Amino acid sequence: MNQPLPILMRGTGSYLPDEILDNSYFESLVDTSDEWIVTRTGIRERRRAAPDETTSTMGALAARRALEDAGMGVEQIDAIVCGTATGDHAFPATAAFIQSHLGAKNVMSYDVAGACAGFVLACSSAAGLLMMGMARNVLVVGAECLTRFSDPMDRTTTILFGDGAGAAVLSRTNLETDRGILFQELGTAGEKADLIRLPGGGSKMPYSEQTLAERGQYLHMKGREVFKFAVVKMSKLIDNALKKLEIVPDDLAMVIPHQSNLRIIESVRERLDLPWEKFAVNIDRYGNTSAASIPVALDEARRAGRLKEGDLALMVAIGAGLTWGTLVIRL
Ligand code: UT7
């Protein structure tokens, strides 16, 4: 196996808003059923942010928990990188608001727009800062408030998404160790950029009466096409990581896939011939939380004792862009 990048995950944290929306809520909104939602997606319920909560307030709460878990104060953080597609505003970066909520000073804070792959992309960006010597400790956040961008009239999307945030502290270490980041892969198929998008509010379709009439303020997705792409691509990404690291699936303590559809996760699991215990799954409880899904699942697995120091974890995500990312880390 390769020598890892000397980067340790010192702590993780997550935050989910209190309000639970179960599938019956959507039965009263659109022509759908609990049975359809469960069998086609695996989702039973999801969380919705309270009116006074935003992506940055949820991100900051997850970040505080990650700092606490790492035993670190905010003054030890040199950078904040936030993966989000549903930031507080089009600009400035949601990471800037997270910085302000945390009371951090003189910290570089920026967002990465990797949608569902946002957390993996943010970890890679943080790894770059750490390896370039621009930071010793980076707070990486994946936070989303997707319920505010889901069209309540569109049954093909509104049932899918939930709100939440997860965070991790990544630190450069000088210690001789076999822990650290062992593999990263990132990529984008920009020719498929129209498959998932939020058309309104950008330079192509600034807000206007027409934008609202076309429901441009909401997420639009060609779900079936994304599904087909994701099933094939996720398996390929994992195969590639295993091959590069010269390991077999059983060497992984846990696979933490982006939670967009339980059927996608199931097909990958079957292909790898791994038991469910080696998969982190939270889509049944939180729906698709985009950039938050992996760090929330990672945090839950660590806190439940399912992942511990020295374990090999593989994170893999595919989302709007279409953008993907894999990260393998020995914790
Ligand atoms: O996280 C970012 C990446 N996103 C993804 O990876 C999402 C990937 N895509 C998916 O998870 C699935 O494609 C969906 C869950 C979005 C849709 O499931 P599907 O099995 O691909 O359904 P479909 O789009 O092929 O639609 C099948 C039928 C259609 O009816 P007709 O045309 O066959 O009469 C839909 O109108 O199911 C209908 N349908 C629904 N019926 C009841 C779509 N949504 C619903 C619904 N309730 N909520």
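About the cut-offs
Residues numbered from 1 in each chain as written. Predicted model: local features only at pLDDT ≥ 70, side-chain atom pairs only at ≥ 80, totals over all residues. Heavy atoms only, no water. Helix = DSSP H or I, 4+ residues; strand = E, 2+ residues; numbered from the N terminus. Expected span 1.5 Å × (residues − 1). Buried < 20%, exposed > 50% of the residue type's maximum accessible area, 1.4 Å probe, protein only. Contact = heavy atoms within 4.5 Å. Axes fitted to C-alpha atoms, helices over the stretch in contact; angles between N-to-C directions. Parallel < 35°, antiparallel > 145°, perpendicular 65-115°, else oblique. Left-handed = near helix turned anticlockwise from the far one by under 90°. Near = heavy atom within 4 Å. Polar contact = N/O pair within 3.5 Å; in protein donor to acceptor, adjacent residues only side chain to side chain. Areas by Shrake-Rupley, 256 points an atom, 1.4 Å probe, with all protein chains shown as cover. Nonpolar A, V, L, I, M, F, W, Y, C, P; charged D, E, K, R; others polar. Pairing = 2+ DSSP bridges.

A. Summary view of helix α3 (residues 55-70). Counted at 1.5 Å a residue, the expected span for α3 with its 16 residues is 22 Å, and the 22 Å between its end C-alpha atoms agrees. Burial in α3 covers these residues: T55, S56, M58, G59, A60, A62, A63, A66, L67 and A70. Buried residues belonging to α3 abut β1 (7-15), α4 (94-102), β6 (137-145) and β7 (163-172). Two residues or fewer past α3, G71 is found with a positive phi of approximately 70°.

B. Fine view of the packing of α3 against α4. At a minimum axis separation of 8 Å, α3 and α4 run at an interaxial angle of 55°. In terms of orientation, α3 and α4 fall into the oblique class. Considering only the axes of α3 and α4, their crossing is right-handed. Contacts between α3 and α4 involve T55, S56, T57, G59, A60, A63 and R64 from the former and T94, F97, I98, H101 and L102 from the latter.

C. Highlighting unusual backbone geometry. Residue F91 is joined to P92 through a cis peptide bond whose omega torsion reads 0°. A cis amide bond links G321 to the next residue, L322, at an omega of -15°. We note that D273 has phi near 55°; this positive angle belongs to a residue other than glycine. Among the structural elements, D273 can be located in the loop between α9 (262-272) and α10 (283-286). The exposure class of D273 is exposed, given its relative accessible area of 66%. The backbone of S290 sits at a positive phi, close to 50°, despite the residue not being glycine. With respect to the secondary-structure elements, S290 resides in the loop between α10 and α11 (293-303). Judged by relative accessible area, which is 4%, S290 ranks as buried.

D. Highlighting the site of the ligand. As a matter of local geometry, the ligand sits amid 23 residues, with T32, R224, N261, R263 and N288 nearest to it. The backbone of G223 places a nitrogen or oxygen atom 3.0 Å from a nitrogen atom of the ligand. H258 places a side-chain nitrogen or oxygen 2.9 Å from an oxygen atom of the ligand. Burial of the ligand by the protein chains amounts to 77% of its free accessible area of 950 Å². At four residues, helix α8 (residues 223-245) tops the list of elements feeding residues into the shell around the ligand. The class makeup of the residues in the shell around the ligand is 10 nonpolar, eight polar and five charged.

E. Quick look at the sheet that holds β7. The five strands are arranged β1-β7-β6-β4-β5 in an open sheet whose pairing can be described as mixed. Here the strands that pair on one side only, and so sit at the sheet edges, are β1 and β5 (108-112). Across the sheet, the mean angle separating the axes of adjacent strands is 20° when strand polarity is ignored. The strands touched by helix α5 (residues 118-131) within the sheet are β1, β4 (79-83), β5, β6 and β7, with β6 carrying the most contacts at an inclination of about 165°. Relative to β1, α11 is tilted by about 100°, and along the sheet it contacts β1, β6 and β7.

F. Molecular detail of the sheet that holds strand β8 (residues 180-188). Spatially, β8-β13-β12-β11 is the arrangement adopted by the four strands of the open sheet, whose pairing is mixed. This sheet does not close on itself; its edge strands, each paired only once, are β8 and β11 (254-257). Between one strand axis and the next, the sheet turns through 10° on average, direction left out of account. Across eight bridges, the pairing between strand β12 (residues 312-319) and strand β13 (residues 323-330) is antiparallel.

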